[in-house]
Amino acid sequence: MTEQALPTRSLGELEVGAQGLGCMGMSEFYGTGDDTESVATIHRALELGVTLLDTADMYGYGRNEELVGRAVADRRDSVVLATKFGVVRDEADQSKRGVRGDPEYVGRAAEASLRRLGVDHIDLYYQHRVDPDVPIEDTVQAMAALVRQGKVRHLGLSEAGAETIRRAHAVHPISAVQTEWSLWSRDIEDEVVPTCRELGIGVVPYSPLGRGFLTGAITSKADLDTDDFRQTGQPRLAEGNLERNLEMVRALRELAERKGVTAGQLALAWVQHRGPDVVPIPGTKRRTYLEENVAAARLELPEKDIADIEAAVPADAVAGQRYHEDAMKLLSR
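Values in this document were obtained by computation on a predicted structure and should not be read as measured data. (Residues numbered from 1 in each chain as written. Predicted model: local features only at pLDDT ≥ 70, side-chain atom pairs only at ≥ 80, totals over all residues. Heavy atoms only, no water.)

Undergrad: Kindly report on helix α9 (residues 263-272), identifying the contributing residues and their values.
TA: The buried count for α9 comes to 10 of 10 residues, which makes it a mostly enclosed element. Those residues of α9 that sit buried are Ala263, Gly264, Gln265, Leu266, Ala267, Leu268, Ala269, Trp270, Val271 and Gln272. (Buried < 20%, exposed > 50% of the residue type's maximum accessible area, 1.4 Å probe, protein only. Helix = DSSP H or I, 4+ residues; strand = E, 2+ residues; numbered from the N terminus.)

Undergrad: I'd like a rundown of the sheet that holds strand β11 (residues 202-206), residues and numbers included.
TA: Strands pair in a sheet through their backbones, by hydrogen bonds, and they do so in one of two ways: parallel or antiparallel. With parallel pairing, 7 strands are arranged side by side in an open sheet as β3-β4-β5-β8-β9-β10-β11. Edge positions in the sheet fall to β3 (21-22) and β11, since each of these pairs with one other strand and no more. Relative to strand β10 (residues 174-180), strand β9 (residues 152-158) runs parallel, the two sharing 4 bridges. Paired with Ser158 across the two strands is Gln178, which belongs to β10. Where helix α3 (residues 103-117) meets the sheet, it contacts β5 (80-85) and β8 (122-127), and its direction lies at approximately 135 degrees from that of β8. (Pairing = 2+ DSSP bridges. Contact = heavy atoms within 4.5 Å. Axes fitted to C-alpha atoms, helices over the stretch in contact; angles between N-to-C directions.)

Undergrad: Can you break down the side chain of Ser207 residue by residue, with the values?
TA: By the element assignment, Ser207 lies in the loop between β11 and α7 (230-233). A residue is classified by how much of its surface remains accessible, and Ser207, at 14% relative accessible area, is buried. Not counting residues up to four positions away in its chain, the partners in contact with Ser207 are Glu180, Trp181 and Ser182.

Undergrad: Account for the side chain of Glu180, naming residues and giving values.
TA: Assignment of secondary structure puts Glu180 in strand β10. Glu180 gets classed as buried once you look at its relative accessible area, which sits at 0%. Among the polar contacts made by the side chain of Glu180, one reaches the side chain of Ser185 at a distance of 3.2 Å. There is a polar contact of 2.9 Å between the side chain of Glu180 and the side chain of Arg211. (Polar contact = N/O pair within 3.5 Å; in protein donor to acceptor, adjacent residues only side chain to side chain.)

Undergrad: Talk me through the pairing of strand β1 (residues 8-11); I want residue IDs and the actual numbers.
TA: Residues in a regular strand project their side chains so that they alternate between the two faces of the sheet. With burial as the criterion, only one face of β1 is covered, namely that bearing Arg9 and Leu11; the residues Thr8 and Ser10 on the opposite face remain uncovered. In this structure, β1 lies alongside strand β2 (residues 14-17), joined through 4 bridges in antiparallel fashion. Bridge pairing in β2 links Thr8 to Gly17. The hairpin formed by β1 and β2 contains 2 residues between the paired strands, and Gly12 there has a positive phi angle of roughly 60 degrees.

Undergrad: How would you explain the packing of helix α1 (residues 35-47) against helix α2 (residues 63-72) if you had to name every residue and give the values?
TA: Relative to each other, α1 and α2 sit at 55 degrees, their axes nearing to 9 Å. Between α1 and α2, the crossing angle belongs to the class labelled oblique. Note that α1 runs across α2; the crossing there is right-handed. Taking contact as the criterion, the partners of Asp35, Ser38, Val39, Ile42 and His43 in α1 are, on α2, Leu67, Val68, Arg70, Ala71 and Val72. (Parallel < 35°, antiparallel > 145°, perpendicular 65-115°, else oblique. Left-handed = near helix turned anticlockwise from the far one by under 90°.)

Undergrad: How would you summarise the layout of surface pockets if you had to cite specific residues and measurements?
TA: Taken as a whole, the second largest pocket holds about 250 Å³ of empty space. Around the second largest pocket, the lining residues are Asp57, Met58, Tyr61, Val87, Val88, Arg89, Tyr105, Arg108, Ala109, Ala112 and Arg116. If you list the elements that add at least two residues to the lining of the second largest pocket, you get β6 (87-89) and α3. Ranked by residue count, the leading element in the lining of the second largest pocket is α3, at 5 residues. (1 Å grid on protein atoms, 1.4 Å probe; cavity = no way out; pocket = protein on both sides within 12 Å on 5 of 7 lines; lining within 4 Å. Points joined across faces, edges and corners; volume = space filled by probe spheres on them.)

Undergrad: So what's going on with the pattern of salt bridges? Which residues, and what values?
TA: The tally for this structure, following the rule as stated, stands at 23 salt bridges. In this structure, the salt-bridge partner of Lys84 is Asp54, at a minimum N-O distance of 2.6 Å. One end of the pair, Lys84, is in strand β5; the other, Asp54, is in strand β4 (residues 52-54), with 30 residues separating them in the sequence. The burial state of Lys84 is the same as that of Asp54; both residues are buried. (Salt bridge = Lys/Arg side-chain N within 4 Å of Asp/Glu carboxyl O.)

Here it is, written out as structure tokens:
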């Protein structure tokens, strides 16, 4: 039997499958990776109609772009390839990070990403974080030059505030804004989402499963690899916050069991139902979880189910910030 492909959605003028694939964890942050399984996961995603693949130049210090490039080398026409620039890391001290959006850096970063990906153009090029020292107009003008040169097709911003989005869009059309959005990260609903909808910009939620927490698979830090960034980088898993947040996950699991799905599928379906201009990019490095995620894109949620889900995980009840304080300063600029 032929598998039914995912329906498509629009990010500005860019058409993609209704769900994308976040590739970051294949190379870093979420424990040890397996390149062979990761490539197989990307290939399986394309078979299922997941066309938007998301990476960034800072993931694995470029290794993730190289991995994605190898995976799509013989099927480039089936892929909408998204990558990002702007977060600068110190390889000697991985805790140090800066942000750059100056025009000279934009062009240099794009050339490096094109080389690592092994392609002649990037379908969707995001500024990963907004540089507070460079006017957004200058950064977007440099990004627009890449479009004129044929090196980039569409432009995006990640974790930008509403006013920044407006200013950027006035320079060159922005197709997508990528930001964290899940049952336990809903702050963009006040200003960012309405602004995007007013301007015809698509929204690409990352971490729609709360960095895996909303699946119910994480009940303590012992469930994580020792090199998983969530061991120290997630205030919501810190002592004092974890148990409070687990109460909501347990309530979500009870709802999911009654519906015959997993907690992760219910949480992901909630994000999918935020609107036809929303394309979440759950990350995984294994085909099993990929297939479970894709199934959530077809899950129908009546209004009562949505209300029950939001009652189980109230927007204002989550304990802890998304990131530690230094990283929080880079958001919603």
